[in-house]
Amino acid sequence: MLAERYPYYVANRPRWPNTDLPVVDKYSGEVVTRVALSDAAAVEEAIAAAVRAAGPMRRLPAHARQAVLEHCVRRFQERAEELALVLCIEAGKPLRDARGEVTRLIETFKAAAEEAVRGGGEVLNLEVSARAEGYRGFTRRVPVGPVSLITPFNFPLNLVAHKVAPAIAAGCPFILKPSDRTPVSAMILAEVLAETNLPEGAFSVVTPTLKDIGPLIEDERLKLLSFTGSEKVGWDLKARAGRKKVVLELGGNAACVVDREPGAPLEVVADRVALGAFFQSGQSCISVQRVLVHASHYEAFKALIVERARALRSGNPRDEATTLGPMIDEPAAKRLEGWIQDAVGRGARVLTGGGRKGALLEATVLEGVPEDAPLSAEEAFGPVVLLQPFTSFTEAMAQVNAGRYGLQAGLFTNDLSRAMHAWDELEVGGVVVGDVPSFRVDTMPYGGVKGSGLGREGVKYAIEDMTELRLLVLRQR
Ligand code: NAD
């Protein structure tokens, strides 16, 4: 079902060089296909083509940009099952999660198709001073120009969509560099885009190694760098990005608070927390990592989470019954296993899980993990959740804020004043009341503060970053 080989794309066209990148099935560990490798010359060609395409893309009428996005929606719908299987193989996602990601890909493109034709801008009253009498002001948004987009492995399609679809809606030519661990789905997306009549050079999807990637970060002809990935890489790239705008969507160690009166039966809360913690084997930037539970029902909640963790069925992601797939590779699973052992050495207790077979780490629940242990302070990015009781709500809020991340936080409470307090005090990009921090729909503003990043995605907000205000002043005589 996978092709033997996939090209990369420069200036809307496939390229088939002799060198390529092996792509591994994340469950079997076998090389299942290959994707052509881009060299430094291909990166330069992609940038030069994007610069040439900036004018034609800016002038492309809104209805034409919308038509491109609508074409993608139709083709993704037709190829949905194929795309889900690709995600299942290259990212190790259980099929049901992979299908969910394809649904979100389609929703993201649909949202961008709507945004593409939305007007916008303001009429300004400039007569604030006698010298401005007879002057009027108008604003509209214009595309920033060519943009560079770099994406991670964990949502290989929908996180690509969160950059590519707004770029098309905004009228920016783009160069996408998908994760070298999951490049196939991005190349299928490129194949679909190549069916459209986007101006030549409007898009390239390239696969350079780190040695050849530099210009995608440093070249001043590129006007924006939008990066989703790990914290260290993101901030390093920002330091190298020069004058261009930079959007960083980075990691987190999201916390969820289960209050004295959580506002829902404890079983329902436990269902949501288990889903938020173990979905995608915890490889989501808003996966539930830390759960602060009011002491009055801590023991009951603990039993419910342990029960749910044990009920997960781990195994081959292609099996429809599998609910817990492998992590992205064995080193990632070993790293997390090491952190679990380190936490136990510091006095933590494993309530269930902890075992590992290759890249498959068991769904693991711990308590008593010290705040400064890597398992709590760093991003776990795996199927692990830490439980901790609290008695003071203020103290729980302080613990959510502890540390250097701030993406989203979840709060189960039926107390409106506590919900508003959390919204006021939590240092995060978003507070989710009545659900887990892992909740996301693709139109909402999404992003972090502190170490978790800079700027917001969510179609409309990404378009804002990819455009600039341009003012018109009109003097009437
Ligand atoms: P990563 O940082 O290793 O890689 C991300 C991308 O950057 C890949 O395309 C990779 O090839 C590229 N890259 C790596 N080193 C680079 C360098 N030195 N120069 C230029 N490009 C480089 O991240 P990952 O392991 O693929 O993804 C997991 C991380 O992504 C986690 O930290 C997760 O929290 C984060 N993430 C954040 C969000 C968000 O929206 N905030 C969403 C998903 C994932």
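A. Fine view of the pattern of salt bridges. Throughout the structure, instances matching the rule amount to 36 salt bridges. Across the pair Arg99 and Glu81 runs a salt bridge, and its minimum N-O distance is 2.9 Å. On the criterion of sequence distance, the pair formed by Arg99 in helix H4 (residues 95-116) and Glu81 in helix H3 (residues 80-91) is long-range, its members being 18 residues apart. Exposure remark for Arg99: the relative accessible area of 28% places this residue in the partly exposed category. Notably, a salt bridge pairs Arg404 with Glu231, separated by 2.9 Å at the nearest N-O pair.

B. Examining the sheet that holds strand S1 (residues 5-6) more closely. A sheet is described by the order of its strands in space; here three strands give the open sequence S1-S5-S4, paired in mixed fashion. Two strands close off the open sheet at either side, each with one partner strand: S1 and strand S4 (20-24). Alignment of S4 against strand S5 (residues 31-36), held across five bridges, turns out to be antiparallel. Looking across to S5, one finds that Leu21 is bridged to Val35.

C. The arrangement of unusual backbone geometry in detail. In this model, Ala11 sits at a positive phi of 50°, which is unusual for a non-glycine residue. For Ala11, the position within the fold is in the loop between strand S2 (8-10) and strand S3 (13-15). For Ala11, a relative accessible area of 11% gives the class buried.

D. Structural detail: empty space enclosed by the protein. According to the stated counting rule, one finds seven cavities of 30 Å³ or more in the structure shown. Looking at the largest cavity, its volume works out to about 90 Å³. If you trace the largest cavity, you find 13 residues lining it, with Asn253, Ala254, Arg290, Tyr405 and Gly406 closest to the centre.

E. Summary view of the site of the ligand. Taken together, 28 residues are adjacent to the ligand, and Thr151, Lys177, Ser230, Leu250 and Glu379 come closest. At 3.2 Å from an oxygen atom of the ligand is found a main-chain nitrogen or oxygen belonging to Phe153. In the model, an oxygen atom of the ligand is placed 3.2 Å from a nitrogen or oxygen of the Arg181 side chain. When the free accessible area of the ligand is taken as 840 Å², the share hidden by the protein chains comes to 88%.

F. Local environment of the sheet that holds strand S18 (residues 364-367). Judged by pairing direction, the sheet is mixed, and its seven strands sit side by side in the order S15-S18-S19-S14-S13-S20-S21 without closing on themselves. A single partner strand is all that each edge strand has here, and the edge strands are strand S15 (349-352) and strand S21 (430-433). Ignoring strand direction, the axes of neighbouring strands in this sheet form an average angle of 25°. Where strand S13 (residues 255-258) lies against strand S20 (residues 408-412), three bridges are found, and the strand directions are parallel. Looking across to S20, one finds that Val258 is bridged to Phe412.

Calculation notes
Residues numbered from 1 in each chain as written. Predicted model: local features only at pLDDT ≥ 70, side-chain atom pairs only at ≥ 80, totals over all residues. Heavy atoms only, no water. Salt bridge = Lys/Arg side-chain N within 4 Å of Asp/Glu carboxyl O. Helix = DSSP H or I, 4+ residues; strand = E, 2+ residues; numbered from the N terminus. Buried < 20%, exposed > 50% of the residue type's maximum accessible area, 1.4 Å probe, protein only. Pairing = 2+ DSSP bridges. 1 Å grid on protein atoms, 1.4 Å probe; cavity = no way out; pocket = protein on both sides within 12 Å on 5 of 7 lines; lining within 4 Å. Points joined across faces, edges and corners; volume = space filled by probe spheres on them. Near = heavy atom within 4 Å. Polar contact = N/O pair within 3.5 Å; in protein donor to acceptor, adjacent residues only side chain to side chain. Areas by Shrake-Rupley, 256 points an atom, 1.4 Å probe, with all protein chains shown as cover. Axes fitted to C-alpha atoms, helices over the stretch in contact; angles between N-to-C directions.

Everything listed here is a matter of geometry and, on its own, says nothing about what the molecule does.
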